[in-house]
Amino acid sequence: MKALVIGGGIGGLTTALCLHRLGIDVRIFESVNQLRPLGVGINTLPHSVRILTNLGLEPKLAEIAVETQELVYFDKFGKPFWSEPRGRFAGYRWSQFSIHRGQFQMLLFAEVQRILGPQCIKTNHHLVRFEQVGGTVKATFSIGQSGDLFEEEGDFLIGADGINSVVRSQLYPEEGAPKFSQNILYRGTSLMKPYLSGSSMVMVGSLKQKMVAYPISPTLDENGNQLINWVANLRENEFMNTQVRDWNRQADKNRLLKIYENWQFPWLNVHDMISKAEAIYEFPMSDRDPLPQWTFGRVTLLGDAAHPMYPIGSNGASQAILDADALANAIQEEPTIEMALIRYDRERVPVTAKVVMQNRQKGPDEIMDLMEERFPNGFSDDEIPHGELETVMGHYKKVAGFDIETLNQKA
């Protein structure tokens with residue numbers, strides 16, 4: 001049996017590893033000419049690390065990632081109002097890792113090449129169209145700048161080609177562009193002294209003006225500095241930056257420094273962190289409406305092609321990894337590929353739709369706006385509504401599939 005995987009990102013590469021273990025011949029097609037370690041920081045939550053561990057990748061992840069110890073929320077004055085341990089520090093059987101997205105992708109890429117062989121990945125191949133004929137799927141690709149056409153047939157096709165998926169657009173030609181949230185994310189990395197535990201993820205402010213920061217390098221340089229990934233989230237004017245762009249557009253550092261001028265806390269100097277970034281990239285926080293189905297015959301969707309979501313709650317990459325595992329399990333247990341893809345669809349479509357909609361409703365970061373609305377001028381320790389905050393955080397873990405009781409029962 002042969003699978004055609006469109007897209008060589010985290011979802012596509014993890015899918016290839018999962019399917020190969022079932023004895024399936026996998027061919028991956030990627031638009032770019034050469035895979036490079038691009039991007040900034042991401043998180044992999046315990047439910048996805050469980051799958052990566054079962055693939056034998058946990059030791060390699062641990063070498064290049066930070067095992068996140070805690071998640072702490074602060075108000076705009078730098079005062080904490082919620083703190084919780086994460087991953088194994090919280091009693092999970094698996095870690096939470098903070099990692100550079102490009103390094104993670106290259107780790108998966110190297111593993112795919114090592115196990116499946118370099119011939120399984122074809123770069124510079126842009127999908128033009130696909131068609132289902134009998135018991136096969138035929139995909140047509142345009143190769144590089146030449147535009148020469150190349151065809152490949154397989155038993156089924158997986159669209160893992162991101163938020164602007166060609167596969168999705170052929171399945172849903174009237175859908176249109178992604179939906180822009182009116183929030184702009186400004187992303188950078190800075191070499192600086194470790195803060196708090198040295199493996200802490202922090203959320204500061206509210207969704208009107210927010211800063212997320214976490215280390216993504218497990219080692220310090222010769223000056224004792226650590227690589228910190230940070231994301232500034234600003235709700236911008238509705239007439240500003242309303243076009244969906246990729247993350248390659250550079251932002252105005254001086255404007256950000258002015259906006260975050262007063263965010264100089266004893267435990268983290270946000271202003272200084274921004275100033276130390278060599279480059280800052282901006283892109284609109286966008287998603288798409290959940291689809292009623294992903295599977296059509298022998299074609300299905302996966303990852304951001306299936307369920308692009310706001311980067312809230314550290315669930316983007318993790319949900320793609322969960323897709324790959326669910327797809328492989330369905331193929332292993334169902335008698336036909338058609339039945340397997342239908343089962344995968346029925347399992348993952350409603351689950352991920354809930355995560356997409358929960359993220360639109362601020363996800364766990366709802367507690368930031370709750371505190372800002374009630375205490376715009378600050379709060380005392382005895383005013384913190386611990387019970388309400390715990391309810392919000394616990395609910396999101398259940399929606400996203402990583403509540404500790406359920407997850408720890410899995411093999």
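For clarity, every value in this text was computed on a predicted model and none was experimentally measured.

What counts and what doesn't
- Residues numbered from 1 in each chain as written.
- Predicted model: local features only at pLDDT ≥ 70, side-chain atom pairs only at ≥ 80, totals over all residues.
- Heavy atoms only, no water.
- Helix = DSSP H or I, 4+ residues; strand = E, 2+ residues; numbered from the N terminus.
- Buried < 20%, exposed > 50% of the residue type's maximum accessible area, 1.4 Å probe, protein only.
- Pairing = 2+ DSSP bridges.
- Axes fitted to C-alpha atoms, helices over the stretch in contact; angles between N-to-C directions.
- Core = buried A, V, L, I, M, F, W, Y, C linked by side-chain atoms within 4.5 Å.
- Contact = heavy atoms within 4.5 Å.
- Parallel < 35°, antiparallel > 145°, perpendicular 65-115°, else oblique.
- Left-handed = near helix turned anticlockwise from the far one by under 90°.
- Nonpolar A, V, L, I, M, F, W, Y, C, P; charged D, E, K, R; others polar.
- Phe/Tyr/Trp six-rings, centres within 6.5 Å; stacked < 30°, edge-to-face > 60°.

**Re unusual backbone geometry**
With a phi close to 70 degrees, Q182 is a non-glycine residue in the positive phi region. The phi torsion at S314 lies on the positive side, around 60 degrees, for a residue other than glycine. Structurally, the position occupied by S314 is in the loop between β19 (299-301) and α8 (316-333). Classification of S314 as buried rests on a relative accessible area of 16%.

**Describing the sheet that holds strand β3 (residues 41-44)**
Taken in spatial order, the 3 strands make up an open sheet running β3-β7-β4, and their pairing is antiparallel. Each edge of the sheet is formed by a strand with only one pairing partner; in this case those strands are β3 and β4 (66-67). Sheet topology note: the β4/strand β7 (residues 97-100) ladder contains 2 bridges and is antiparallel. Within β7, the residue paired with V66 across the bridge is S98.

**Re the pairing of strand β12 (residues 156-159)**
Side chains F156 and I158 project from β12 onto one buried face, and the interleaved L157 and G159 project onto a second face that is buried too. By the bridge criterion, 4 bridges tie strand β1 (residues 2-6) to β12 in an arrangement that is parallel. The partner of A3 across the bridge, within β12, is F156. Looking at chain direction, β12 and β19 are connected through 3 bridges and run parallel. Each bridged residue has a counterpart across the sheet, and for G159 the counterpart in β19 is L301.

**Describing the sheet that holds strand β11 (residues 148-154)**
Strand order across the open sheet formed by 3 strands is β9-β10-β11, with antiparallel pairing between neighbours. The open sheet is flanked by β9 (125-133) and β11, the only strands paired with a single partner. Across the sheet, the mean angle separating the axes of adjacent strands is 20 degrees when strand polarity is ignored. Here β9 pairs with strand β10 (residues 136-143) via 8 bridges, running antiparallel. Its bridge partner being in β10, L127 is matched across the sheet by F141.

**A few points about the nonpolar core**
Soluble globular proteins tend to pack their nonpolar side chains together in the buried interior. With 77 residues, the main nonpolar core has L19, F104, V112, F156, L157 and V167 as its most contacted residues. Of the residues forming this core, the biggest block, 9 residues, is contributed by α8. Residue contacts for V167: discarding those within four places in its chain leaves I6, L127, F130, L157, G159, D161, V299, T300 and L301. Core analysis: the second largest hydrophobic core is formed by 53 residues, L185, V231, Y260 and M393 among them.

**Thoughts on the packing of helix α1 (residues 10-20) against helix α4 (residues 101-116)**
One way to put it is that α1 packs onto α4 with a least axis distance of 9 Å and a crossing angle of 30 degrees. In terms of their interaxial angle, α1 and α4 are classed as roughly parallel. The handedness of the crossing between α1 and α4 comes out as left-handed. Contacts from I10, L13, T14, A16, L17 and H20 in α1 reach R101, F104, Q105, L108, F109, E111, V112, I115 and L116 in α4. Across the contact of α1 with α4, the residue classes tally to 10 nonpolar, 3 polar and 2 charged.

**Structural notes on the packing of aromatic side chains**
In total, this model carries 11 aromatic pairs according to the counting rule given. For the pair F29 and F141, a centre-to-centre distance of 4.2 Å together with 20 degrees between the ring planes defines the contact as stacked. With F29 in strand β2 (residues 25-29) and F141 in strand β10, the pair connects residues that are 112 residues apart, well separated along the chain. Among the residues examined, F29 registers a relative accessible area of 2% and is labelled buried. Here the aromatic cluster, defined as three or more aromatic residues joined through ring pairs, consists of F74, Y260, W263, F265 and W267.

Remember, this is a structural readout, not a statement about activity or role.
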